[in-house]
Amino acid sequence: MREAVQSIYDGVLDRNPGQPEFHQAVKEVFESIEPALERKPEYLDAAILERVTEPDRQIMFRVPWVDDSGKVQVNRGFRIEFSSALGPYKGGLRFRENVNLSIIKFLGFEQIFKNSLTGLAMGGGKGGSDFDPHGRSDAEVMRFCQSFMTELARHIGPSTDVPAGDIGVGGREIGYMFGQYKRLRNSYDAGVLTGKGLAWGGSLVRTEATGYGTVLFAQSMLATKGESLEGKKVLVSGAGNVAIYAIEKAQQLGATPITFSDSSGYVVDEAGVDLELLKQVKEVERGRVADYVERRPGARLVTGGSVWDVPGDVALPCATQNELDGDAANTLLRGGCGVVSEGANMPSTPEAVEAFQKAGILFAPGKAANAGGVATSALEMEQNAGRTRWDFATAEAKLTGIMTDIHDSCVAAAEEYGRPGDYVLGANAAGFTRVADVMIAHGIV
Ligand code: GLU
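Now for a description of the structure that goes with this document.

Rules used throughout
- Residues numbered from 1 in each chain as written.
- Predicted model: local features only at pLDDT ≥ 70, side-chain atom pairs only at ≥ 80, totals over all residues.
- Heavy atoms only, no water.
- Pairing = 2+ DSSP bridges.
- Helix = DSSP H or I, 4+ residues; strand = E, 2+ residues; numbered from the N terminus.
- Axes fitted to C-alpha atoms, helices over the stretch in contact; angles between N-to-C directions.
- Buried < 20%, exposed > 50% of the residue type's maximum accessible area, 1.4 Å probe, protein only.
- Core = buried A, V, L, I, M, F, W, Y, C linked by side-chain atoms within 4.5 Å.
- Contact = heavy atoms within 4.5 Å.
- Near = heavy atom within 4 Å.
- Areas by Shrake-Rupley, 256 points an atom, 1.4 Å probe, with all protein chains shown as cover.
- Nonpolar A, V, L, I, M, F, W, Y, C, P; charged D, E, K, R; others polar.

**Re the sheet that holds strand 10 (residues 300–302)**
Logical step 1: Taking strand neighbours across the sheet as the criterion, the three strands line up as 8-9-10 in an open arrangement whose pairing is antiparallel. Single-partner strands in this sheet number two, and they are strand 8 (259–262) and strand 10. Taken pair by pair, the neighbouring strands of this sheet meet at an average axis angle of 25°, ignoring direction.
Logical step 2: Sheet analysis places strand 9 (residues 265–268) next to strand 10, joined by three bridges and oriented antiparallel.

**Topic: the environment of Pro-297**
Logical step 1: With respect to the helices and strands, the residue Pro-297 is situated in the loop between helix 12 (289–294) and strand 10.
Logical step 2: Under the relative-accessibility criterion, Pro-297 is labelled exposed at 74%.

**As for the sheet that holds strand 7 (residues 256–257)**
Logical step 1: Strand order in this open sheet of five strands is 7-6-11-12-13, and the pairing throughout is parallel. Whereas interior strands pair on both sides, the edge strands pair on one side only; in this sheet they are strand 7 and strand 13 (362–364).
Logical step 2: As defined by bridge partners, strand 12 (residues 339–341) adjoins strand 13 across three bridges and the pair is classed as parallel. Note on strand 13: the bridge partner recorded for Val-340 is Phe-363.

**Some thoughts on the nonpolar core**
Nonpolar side chains tend to gather and get buried jointly when the protein is soluble and globular.
Logical step 1: Ranked by internal contacts, the top residues of the largest apolar core, which has 59 residues, are Phe-217, Phe-260, Leu-278, Tyr-292, Leu-316, Ile-406 and Cys-410.
Logical step 2: Of the residues forming this core, the biggest block, eight residues, is contributed by helix 9 (residues 206–223).
Logical step 3: Setting aside residues no more than four positions away along its own chain, Cys-410 makes contact with Leu-117, Phe-217, Ala-368, Tyr-423, Gly-426 and Ala-427.
Logical step 4: Within the second largest apolar cluster, 34 residues are counted, among which are Phe-30, Val-99, Phe-109 and Ala-436.

**Quick word on the site of the ligand**
Logical step 1: Among the 13 residues in the neighbourhood of the ligand, the closest are listed as Lys-90, Lys-114, Gly-165, Asp-166 and Ser-377.
Logical step 2: For the ligand, whose unbound accessible area comes to 300 Å², protein coverage reaches 95%.
Logical step 3: At the level of elements, strand 3 (89–95), helix 6 (101–117) and helix 16 (372–385) are the ones that each hand at least two residues to the shell around the ligand.
Logical step 4: At three residues, strand 3 tops the list of elements feeding residues into the shell around the ligand.
Logical step 5: Of the residues assigned to the shell around the ligand, the class counts are two nonpolar, six polar and five charged.

Structure follows, in structure tokens:
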């Protein structure tokens, strides 16, 4: 980093001690937008970097609730309203034991540029709690969600801040939170949350959108080399919503996904993943990946190492941040992997990204490759505002168009700044410059 940027980065470190994930996300953006900063000195003059790394508002609150045994539980809730330059704060809620301020801030920061890349009118935000729905009864999840929303409701609204799902937050949780919001406000503001059920304002394709988009992005990258996903062996990590629909789209495009994983291990199914069985285990039964192996002859569960030890042509990290380190990246490269498209947020460590870029393979960072989810949330908001509903084909065609546009803007920005094929630079520069230009237009706020 050059001196001026380094000293702003040092300021971020000083002001935000003990937030390694946030530091990592800021560093990646700062490093890759240097060419854009050189071209437009007004960004530094207007203190864009200092302002964009300081959230508009950081909300932390107590979430008390009573478990099934009558014991009082206390969790911590977060909502980081990071940037409203481009529209209402927009971003998911993550419910997972390891959630802390650093993780929510890195996610919120990434979300600013991801949302910008979609070309739609959304600012950036993120929230969540250190509550883990796994192993909790529906009644416990409901009481938690109601308590969480009782505080969150005062901060959000269809034109203010629009949360959605992320890890640990799916249709069930959004339903309980929407019910409580509606009760508190006495107002059917469908556009206050996205990822809603289809019967009450949800959009077709929202469930599939993140995974589908990640695969569509990989397909667009391959197309620049005159290739496609047809016949390719695909490695997927994770077994949640993103992983499941990445597998589905990869299969539709003629590829063979052979892996998925959760915290209990990873599954290798050389014959190709049986998607119906995986959906039954994860979506219906809320089970573990081991339950899949029990019912699927030929599939094996591996409990040591990582899914990246398996040789394959395409890797889709769809689990969580920093799940793919430098060693894993080198193992993947040795196994013949030529494409990485990130379905999760920041799943590759900086060492892994460096290894991929050095090897010159096609590498798409999450803020571009997984933007299909939030883009489809914007489509959900659009349908809510228009009191209308689109059919599956209409919504999917819009998602496909948006993913192609994001791909093309990354390519164009990478070329503009002299590093063709660098999707990290392309995504960060294209996402950042739109936000920065609007921040300048809005004055010092
Ligand atoms: N949590 C998702 C993401 O990381 C979706 C956010 C949304 O739909 O608002 O982008």
